[in-house]
Amino acid sequence: MASSSVTLSLCSAFSTHCNVTSRRSSVILSSLSKPSLNLTKPVSGFLSPSTASTSRPAFPVAPKFAESVLEAEQETTDVEATVVSDVAEDKPKREEIFAVVMVGGRQYIVFPGRYLYTQRLKDASVNDQIVLNKVLLVGTKTHTYIGKPVVTNATVHAVVENQGLNDKVVVFKYKPKKKYRRNIGHRQPNTRIKITGITGYEEYPASPNVPV
């Protein structure tokens, strides 16, 4: 009998606890479902919806001719692109050839259309056409002509552009405890030439280029 009374008391206590918790949860849900602030009514210190809508700045509307301006710009760019492509196609392709030539005891690699600074050529003046005969090697896209020691009948044609001077080189001499100091500047004279062409190497025996 004592155990049955104890179980009955526990069941009654549990049922009352469940009723209390259910009531509390219902109160909380009802409070959450009801809005605490009515947005339809104006509140003191805030702007009403009508005034807020009227106070917003009106953004300027883009003009109707903007699309026509963009179309005109696209048309001009297309025309410029076609003109540039036509000019690029009209330019002749440079010949893929080079040579090694000796001038004044020095060896230079020359390409048609490029310029070169050499030692002063005494007998040459500006705009004179000169011919360089000491050609040691000629290379093309498919063959290589190696001279022994020079490539016979091969010549490099050039035009003298300017007779000038190199950058200054300072020569400083000093002897300790002798009060001897010398500061001398020197500028070596040079000649600027432009390579116009390489000819006369076709009949020389050549070796084919080996692909790497």
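Owing to the predicted nature of the structure, the values given are computational and were not obtained by experimental measurement. (Residues numbered from 1 in each chain as written. Predicted model: local features only at pLDDT ≥ 70, side-chain atom pairs only at ≥ 80, totals over all residues. Heavy atoms only, no water.)

Draft legend 1. Local environment of the environment of D167. Within the fold, D167 resides in the loop between β7 (155-165) and β8 (169-175). The exposed category is assigned to D167, whose relative accessible area is 66%. Between the alpha carbons of D167 and Q188 there is a distance of 7.6 Å; along the sequence they are 21 residues apart. Not counting chain neighbours up to four residues away, the residues in contact with D167 comprise H186 and R187. (Helix = DSSP H or I, 4+ residues; strand = E, 2+ residues; numbered from the N terminus. Buried < 20%, exposed > 50% of the residue type's maximum accessible area, 1.4 Å probe, protein only. Contact = heavy atoms within 4.5 Å.)

Draft legend 2. Region of interest: unusual backbone geometry. Going from K148 to P149, the amide bond is cis rather than trans, its omega being 0°. The backbone of K177 sits at a positive phi, close to 65°, despite the residue not being glycine. Relative to the helices and strands, K177 is located in the loop between β8 and β9 (180-186). Even without being a glycine, K179 presents a positive backbone phi close to 55°. For K179, the position within the fold is in the loop between β8 and β9.

Draft legend 3. Up close: the packing of aromatic side chains. According to the stated counting rule, one finds three aromatic pairs in the structure shown. Measuring from ring centre to ring centre gives 6.0 Å for F98 and F111, while their planes differ by 35°; the resulting arrangement is tilted. Of this pair, F98 sits in strand β1 (residues 97-103) while F111 sits in the loop between β2 (106-110) and β3 (115-119), placing them 13 residues apart in sequence. Both rings, one in Y145 and one in Y201, keep their centres 5.2 Å apart while their planes meet at 65°; by these two values the pair is edge-to-face. Linking Y145 in strand β6 (residues 143-146) with Y201 in the loop between β10 (189-199) and β11 (207-208), this pair joins segments that are 56 residues apart in sequence. The pair Y145 / Y201 is uniform in exposure class, with both members buried. Of note, R192 hangs over the ring of Y115, and the distance from its end group to the ring centre comes to 3.9 Å. (Phe/Tyr/Trp six-rings, centres within 6.5 Å; stacked < 30°, edge-to-face > 60°. Lys NZ or Arg CZ within 6 Å of the ring centre and 35° of its normal.)

Draft legend 4. Region of interest: the sheet that holds β11. Strands sit in the order β2-β1-β5-β6-β11 across an open sheet of five strands; the sheet is antiparallel. Only two strands of the sheet have a single partner each, and these edge strands are β2 and β11. (Pairing = 2+ DSSP bridges.)

Draft legend 5. Quick peek at the environment of G147. Turning to its location among the elements, G147 is positioned in the loop between β6 and β7. Overall, G147 belongs to the buried group, its relative accessible area being 14%. For the pair G147 and L136, spaced 11 residues apart in sequence, the C-alpha separation works out to 5.1 Å. Ignoring any residue separated from it by four or fewer positions in sequence, one finds G147 in contact with L136 and Y204.

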